[in-house]
Every structure is written in structure tokens, then in C-alpha cells.
Amino acid sequence: QLSLVIMGGAKLPEYRRFLMPGFSFSILVLGVVGAFFGDQIFAIKITAFLVACALFVVMVYFNRLQIVEYSNGQEGLISGDSEYRKATNLLIATWAPFPFWYIVSPEGLNLIDNVLVIQLGWAFLNIVAKFSFIF
């Protein structure tokens, strides 16, 4: 998230340097809260998950807003051809599967309990999310 704000340069408000990474950090903290405290009280796990999903939606809204600001209103989330828009959409597309994998993992609802499958899933998602930006 911070890299997108830096890429946007002076076209984006300076407060986004803190806001966008703050969203990411908050989502990760909510995942940890749900994983550690959700075993005792299931409502904590579900609440943390839903709040994190809501924060992700707000973060995507700001990502869309940044595309519009960066392109001076010429592009949006689904229209345009700038590298900035492509990088933003790539980030959104590679982050979107994480909540689904979380909810089926033992940290979530424990729908998949095979440790090897879970670890390979996390590794795959992280590799795709991190290394897709080198292209």
C-alpha cells in the first residue's frame, strides 16, 4: 500500500502515506486477534474477520480514489491503461484471496485441517502476492 502512495507522488494527499499502510496493519492485527482469541469466544473470531473484511473494502475504495486522483479523473478501477492502475489492480487481485483462505484454515473455521495443504496455500498466496510485482 505504501508503495502505491509513493508511486502516486504529489498527486496523492500526504496523509495516505500513513492511512494506507495503517489499513494493512489493522487487517493483519485483526487476523491475529481472531486467531489467538477466537478459540475461546467464537464471536471474537467472526467479528474480527468481518471488521477486517470491511476495512479491506474501505482500503479498495481508497485505492480506486487514488487511481482517479493519479490520472486526474481519466481512469478508474476498471477503465484505463496506466502502470499505476495496473499495479493497484494487481495488488487488489492478489490480496483478495487471503480472507477466503483464512476463513477455511484452522485459524478461521477449520474447514481444511490438513497442515500441509494449509501451509502450501499460504505459501502460494504469499509468493503470488509478492512476486507478481516484479513483472
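Note that this is a predicted model, so its numbers are computed, not measured. Residues take numbers from 1 onward in each chain, read along the sequence in its written order. Confidence filtering applies because this is a predicted model: local features only for residues at pLDDT of at least 70, side-chain atom pairs given and counted only at 80 or more, and all residues used for totals across whole chains, interfaces and linings. Remark: hydrogens and water are excluded; side-chain values derive from all non-hydrogen atoms of the structure.

Novice: Please set out a nonpolar patch on the surface residue by residue, giving values where relevant.
Specialist: The patches described consist of residues with a relative accessible area above 30% and no salt bridge, like charges being joined within 9 Å and nonpolar side chains (Val, Leu, Ile, Met, Phe, Trp, Tyr) within 5 Å. Each accessible area value is a Shrake-Rupley result obtained with a 1.4 Å probe; residue values ignore everything except the protein chains displayed when judging cover. Here a salt bridge means any side-chain nitrogen of Lys or Arg lying within 4 Å of a carboxyl oxygen belonging to Asp or Glu. Taken together, the side chains of V32, F36 and F37 define a hydrophobic patch exposed on the protein surface, amounting to about 330 Å² of accessible area. Here F37 is to be found in helix α2 (residues 16–37). Working definition: helices are DSSP H or I runs of at least four residues, strands are E runs of at least two. Numbering for both runs from the N terminus.

Novice: Give me helix α4 (residues 83–95): which residues, what numbers.
Specialist: Along an α-helix, residues three or four apart share an orientation, since each turn contains 3.6 residues. For α4, which comprises 13 residues, the first-to-last C-alpha distance of 18 Å matches the rise-based estimate of 18 Å (1.5 Å per residue) to within 8%. When accessible area is computed with a 1.4 Å probe and restricted to protein chains, residues below 20% of their type maximum are described as buried, those above 50% as exposed, and intermediate ones as partly exposed. Within α4, the full set of buried residues consists of Y84, R85, A87, T88, L91, I92 and T94. Whether two residues touch is decided by their heavy atoms; if any such pair falls within 4.5 Å, the residues are in contact. In the core, the buried residues of α4 are packed alongside α1 (2–8), α3 (42–70), α5 (97–104) and α6 (115–131). The span one expects for a helix is its residue count, reduced by one, times 1.5 Å.

Novice: Please provide a residue-by-residue account of the packing of aromatic side chains, values included.
Specialist: Two aromatic rings, drawn from Phe, Tyr or Trp (for Trp, its six-membered ring), form a pair once their centres lie within 6.5 Å of each other, and the interplanar angle then sorts them: stacked below 30 degrees, edge-to-face above 60, tilted otherwise. One pass over the full model with this rule turns up five aromatic pairs. Their ring planes at 5 degrees and their centres at 6.2 Å tell us that F49 and Y102 sit as a pair that is stacked. Of this pair, F49 sits in helix α3 while Y102 sits in helix α5, and the two are 53 residues apart along the sequence. Assigned by exposure class, F49 and Y102 land together as buried. Between Y61 and F62, the aromatic rings sit 5.4 Å apart at their centres with planes inclined by 75 degrees, giving edge-to-face as the arrangement. Three or more aromatic residues joined by ring pairs form one cluster here, namely F23, Y61 and F62. Geometrically, a lysine NZ or arginine CZ counts as sitting over a ring once it is within 6 Å of the ring centre and also within 35 degrees of the ring normal. Between K11 and the ring centre of Y70, over which it is positioned, the NZ or CZ distance is 5.1 Å.

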